[in-house]
Amino acid sequence: PLTLQETFPEAARLALVAAVRTDMGETVTDRMTSFLRAQTGARSLTPRDGADPDAILSRMEAAVRAHDLASALTMAAELPAPAAEALASWLATAQTRLDAETALATLATASE
C-alpha cells in the first residue's frame, strides 16, 4: 500500500484544482492563469508563506514529509471548502494514522 507521503502530492493536486475552479479570479489575466493551473495541476513544491490554497498545501506537504501529521491536519483547517472536500479521503486516512500513533504512544507510556 502507498504511504501518506506518497499519496499526498496527487491529493494536493486535486485539492488545488478544486480550489482554483471555485475562484478563477476577477481579471482576464487571473482567469487565464487559473485556467492553466487547473489544467496542468501546477502547484508549489516547496513551503511558502501565504493564505492561498497553494501556499497552505505546500506547507502541509512539508509537514507530511517531516512526519508531522498533526501540523498537516491543523493546516488543513485553513483550506477553502472545495479544497478540503477534495482532500477529505487523504485527511481521514491521516487522522486515523495519527490517532493510531497517539494510542500506541499512550500504551507505551502506560506500560513503562
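What counts, and at which threshold
- Residues numbered from 1 in each chain as written.
- Predicted model: local features only at pLDDT ≥ 70, side-chain atom pairs only at ≥ 80, totals over all residues.
- Heavy atoms only, no water.
- Salt bridge = Lys/Arg side-chain N within 4 Å of Asp/Glu carboxyl O.
- Helix = DSSP H or I, 4+ residues; strand = E, 2+ residues; numbered from the N terminus.
- Buried < 20%, exposed > 50% of the residue type's maximum accessible area, 1.4 Å probe, protein only.
- Axes fitted to C-alpha atoms, helices over the stretch in contact; angles between N-to-C directions.
- Left-handed = near helix turned anticlockwise from the far one by under 90°.
- Contact = heavy atoms within 4.5 Å.
- Nonpolar A, V, L, I, M, F, W, Y, C, P; charged D, E, K, R; others polar.
- Phe/Tyr/Trp six-rings, centres within 6.5 Å; stacked < 30°, edge-to-face > 60°.

(A) Fine view of the pattern of salt bridges. Inspection of the entire model under this criterion finds six salt bridges. A salt bridge links Arg59 to Glu78, with the nearest nitrogen and oxygen atoms 3.6 Å apart. Within this pair, whereas Arg59 is found in helix α3 (residues 53–65), its partner Glu78 is found in the loop between α4 (69–76) and α5 (81–86), the two being separated by 19 residues in sequence. For Glu78, a relative accessible area of 45% translates into the label partly exposed. Glu61 serves as the salt-bridge partner of Arg65, at 2.9 Å between the closest nitrogen and oxygen.

(B) Examining the packing of α4 against helix α6 (residues 88–110) more closely. The N-to-C vectors of α4 and α6 enclose an angle of 140°; their axes lie 10 Å apart at closest approach. As for the relative orientation of α4 and α6, their crossing is left-handed in sense. For the pair α4 and α6, the contacting residues are Leu69, Ala70, Leu73 and Ala76 in the first and Trp90, Leu91, Ala94, Gln95, Arg97 and Leu98 in the second. Class assignment of the residues belonging to the contact of α4 with α6 gives a composition of eight nonpolar, one polar and one charged.

(C) Representation of the environment of Ala62 in the model. Within the secondary structure, Ala62 sits in helix α3. Overall, the relative accessible area of 28% leaves Ala62 in the partly exposed class. Once the C-alpha coordinates of Ala62 and Leu45 are considered, the two residues, 17 residues apart in sequence, prove to be 8.6 Å apart.

(D) Region of the structure containing the environment of Val17. Summarising the element assignment, Val17 is placed in helix α1 (residues 4–22). On a C-alpha basis, the gap between Val17 and Arg43 in space is 9.3 Å, while along the polypeptide they are 26 residues apart.

(E) Geometry of the packing of aromatic side chains. Summed over the entire model, instances satisfying the criterion amount to one aromatic pair. Summarising the aromatic geometry, the rings of Phe8 and Trp90 are spaced 4.9 Å apart at their centres and angled 75° between planes, so their arrangement reads as edge-to-face. Pair noted here: Phe8 is in helix α1 and Trp90 is in helix α6, with a separation of 82 residues, a long-range link. Overall, the relative accessible area of 0% leaves Phe8 in the buried class. Classification of Trp90 as buried rests on a relative accessible area of 6%.

Purely geometric stuff here, so don't read any function into it on its own.
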